[in-house]
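Given next are the chains, with one letter for each unit.
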Amino acid sequence: DVPEAAERLLLDLPHALPREVELGADLFQGEAVVDADAEEQLHHIALTLDLLHLHHHGEDLKLWPVLIERAPAESEMVREVADQHEAVDASIGRIRELLSAWRDKPDATTRDALADSLENLTVVLSAHLDDEERLVVPLAAVTMTQDEWNAIGEHARSSIPQEQIFLVFGMLLE
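Let us look at the structure shown here. For clarity, every value in this text was computed on a predicted model and none was experimentally measured.

Let's talk about the overall build of the protein
Reasoning step 1: Looking only at helices and strands, the protein has 8 helices and 0 strands in total.
Reasoning step 2: From first element to last, N terminus to C terminus, the protein shows the α and β order α-α-α-α-α-α-α-α.
Reasoning step 3: Within the protein, buried positions represent 46% of all 174 residues.
Reasoning step 4: Partitioning the intrachain contacts of the protein with sequence separation of at least 6 by distance along the chain shows that 82% fall at a separation of at least 24.
Reasoning step 5: For the protein, the accessible surface area stands at approximately 9,300 Å², while carbon and sulfur atoms represent 53% of it.

Points about the packing of helix α4 (residues 75-83) against helix α6 (residues 108-143)
Reasoning step 1: Contact geometry for α4 and α6: axes closest at 10 Å, N-to-C directions at 150 degrees. Handedness of the α4/α6 crossing: left-handed. Mapping the contact onto sequence places Met77, Val78 and Val81 in α4 and His128, Asp131, Glu132, Leu135, Val136 and Leu139 in α6.
Reasoning step 2: Here the residues of the contact of α4 with α6 sort into 6 nonpolar, 1 polar and 2 charged.

Quick word on the side chain of Glu132
Reasoning step 1: Residue position: Glu132 is located in helix α6.
Reasoning step 2: Buried within the structure, Glu132 lacks any salt-bridge partner; Arg134 is the closest side chain of opposite charge, at an N-O distance of 12 Å.
Reasoning step 3: A distance of 2.7 Å separates a polar atom in the side chain of Glu132 from a polar atom in the side chain of His128.
Reasoning step 4: Ignoring any residue separated from it by four or fewer positions in sequence, one finds Glu132 in contact with His55, His56, Glu59, Trp64, Val81, His85 and Val137.

Examining the side chain of Ser91
Reasoning step 1: With respect to the helices and strands, the residue Ser91 is situated in helix α5 (residues 85-104).
Reasoning step 2: Residues contacting Ser91, with those up to four places away along its chain left out, are Asn120 and Leu121.

Examining the pattern of salt bridges
Reasoning step 1: Counting across every chain of the model gives 7 salt bridges.
Reasoning step 2: Among the ionic pairs, Asp112 bridges to Arg111, the shortest N-O distance being 3.0 Å.
Reasoning step 3: On the accessibility criterion, Asp112 (37% relative accessible area) is partly exposed.
Reasoning step 4: The buried category is assigned to Arg111, whose relative accessible area is 12%.

Overview of the packing of α4 against α5
Reasoning step 1: One way to put it is that α4 packs onto α5 with a least axis distance of 5 Å and a crossing angle of 5 degrees. In terms of axis orientation, α4 runs roughly parallel to α5. Packed against α4, whose contacting residues are Val81, Ala82 and Asp83, the element α5 presents His85, Glu86 and Ala87 at the interface.

Re the environment of Arg79
Reasoning step 1: Positionally, Arg79 belongs in helix α4.
Reasoning step 2: A relative accessible area of 42% means that Arg79 is categorised as partly exposed.
Reasoning step 3: Taking the C-alpha atoms as reference points, Arg79 and Ile68, separated by 11 residues in sequence, lie 7.9 Å from one another.

Quick word on the environment of Glu132
Reasoning step 1: Overall, the relative accessible area of 6% leaves Glu132 in the buried class.
Reasoning step 2: The sequence separation of Glu132 and Ala82 amounts to 50 residues, and the corresponding C-alpha distance is 8.9 Å.
Reasoning step 3: At 3.2 Å, the side chain of Glu132 forms a polar contact with the side chain of His55.

Here we look at the nonpolar core
Reasoning step 1: Counting residues in each nonpolar core, the largest one holds 29 residues, and the members touching the most others are Phe28, Ile45, Leu99, Leu114, Leu118 and Leu121.
Reasoning step 2: Those elements that place two or more of their residues in this core are α1 (4-27), α2 (36-62), α5, α6 and α8 (165-173).
Reasoning step 3: In this view, Leu121 contacts Val21, Leu49, Leu52, Val88, Ser91, Ile92, Ile95 and Ser126; residues no more than four positions away in its chain are not counted.
Reasoning step 4: Listed in part, the 15 residues of the second largest apolar core include Trp64, Val136, Leu139 and Trp149.

Reading the values: the criteria
- Here the residue numbers are simple positions, counted from 1 along each chain's written sequence.
- pLDDT decides what is reported in this predicted model: residues at 70 or higher carry local features, side-chain atom pairs at 80 or more are listed and counted, and totals for whole chains, interfaces and linings draw on all residues regardless.
- Note that water and hydrogens are dropped before the side-chain values are worked out from all heavy atoms of the structure.
- Here a strand is any run of E in DSSP of at least two residues, a helix any run of H or I of at least four, and the numbering for each starts at the N terminus.
- Exposure classes here rest on a 1.4 Å probe applied to the protein chains alone. A residue is buried below 20% of its type maximum, exposed above 50%, and partly exposed in between.
- Note on definitions: a residue-residue contact is assigned when non-hydrogen atoms from the two residues lie within 4.5 Å.
- To be clear on the numbers: accessible area is Shrake-Rupley with a 1.4 Å probe, and residue cover counts the displayed protein chains and nothing else.
- For helices, the axis comes from a line fit to the C-alpha atoms of the stretch in contact; other axes are also lines fit to C-alpha atoms, and the angle between any two N-to-C directions lies between 0 and 180 degrees.
- Throughout, a crossing is termed right-handed when the near helix is turned clockwise from the far one, and left-handed when it is turned anticlockwise from it by less than a right angle.
- Put simply, Ala, Val, Leu, Ile, Met, Phe, Trp, Tyr, Cys and Pro go in the nonpolar bin, Asp, Glu, Lys and Arg in the charged bin, and everything else, Gly too, in the polar bin.
- For the purpose of counting charges, residues Lys and Arg are taken to be positive, whereas Asp and Glu are taken to be negative. His and the chain ends are not included.
- We define a salt bridge as a contact between a side-chain nitrogen of Lys or Arg and a carboxyl oxygen of Asp or Glu at a distance within 4 Å.
- Nitrogen and oxygen atoms within 3.5 Å of one another constitute a polar contact, given that in protein one can donate a hydrogen and the other can accept it, and given that sequence-neighbouring residues count only through two side-chain atoms.
- Orientation labels follow simple angle bins: below 35 degrees gives roughly parallel, above 145 gives roughly antiparallel, 65 to 115 gives roughly perpendicular, and whatever is left gives oblique.
- Take the buried Ala, Val, Leu, Ile, Met, Phe, Trp, Tyr and Cys residues and link them wherever side-chain atoms come within 4.5 Å; each set so joined is a nonpolar core.

Here it is as structure tokens:
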């Protein structure tokens, strides 16, 4: 069985990360302001994007290969869900470009593009994470060992900057 804490983390991510992205999109609705508070919110959006990348990188390294090897009858489904990372990664890349542009020159065009891109990521990400929760987690629960689950968690934990670890846990508990 999937250890309870690891399963809980995987099941909480489908709710926490899209919620955080959506909160980021809200920042750019209407007349967005550039000030110290907005800069903190931009850092929070960047952290959320980093966590999403980290989550996917861990899956790419430690989840998909195991599932494909051990559950060949489900390999097509696993590959389809894994391939959804490309659309998510493209959205993340676009948002990072726009965040940089916003910091350089905060204008209405960039604001609107950021809001649209963050909303798009919310839609793409929610669908992807729903597929993971509905299709992948049950398969992993009967396919992976305790040590393999621990390795996924350790990959994530070791990659989160120590000064942000409590913020990350707070995001998951929200």
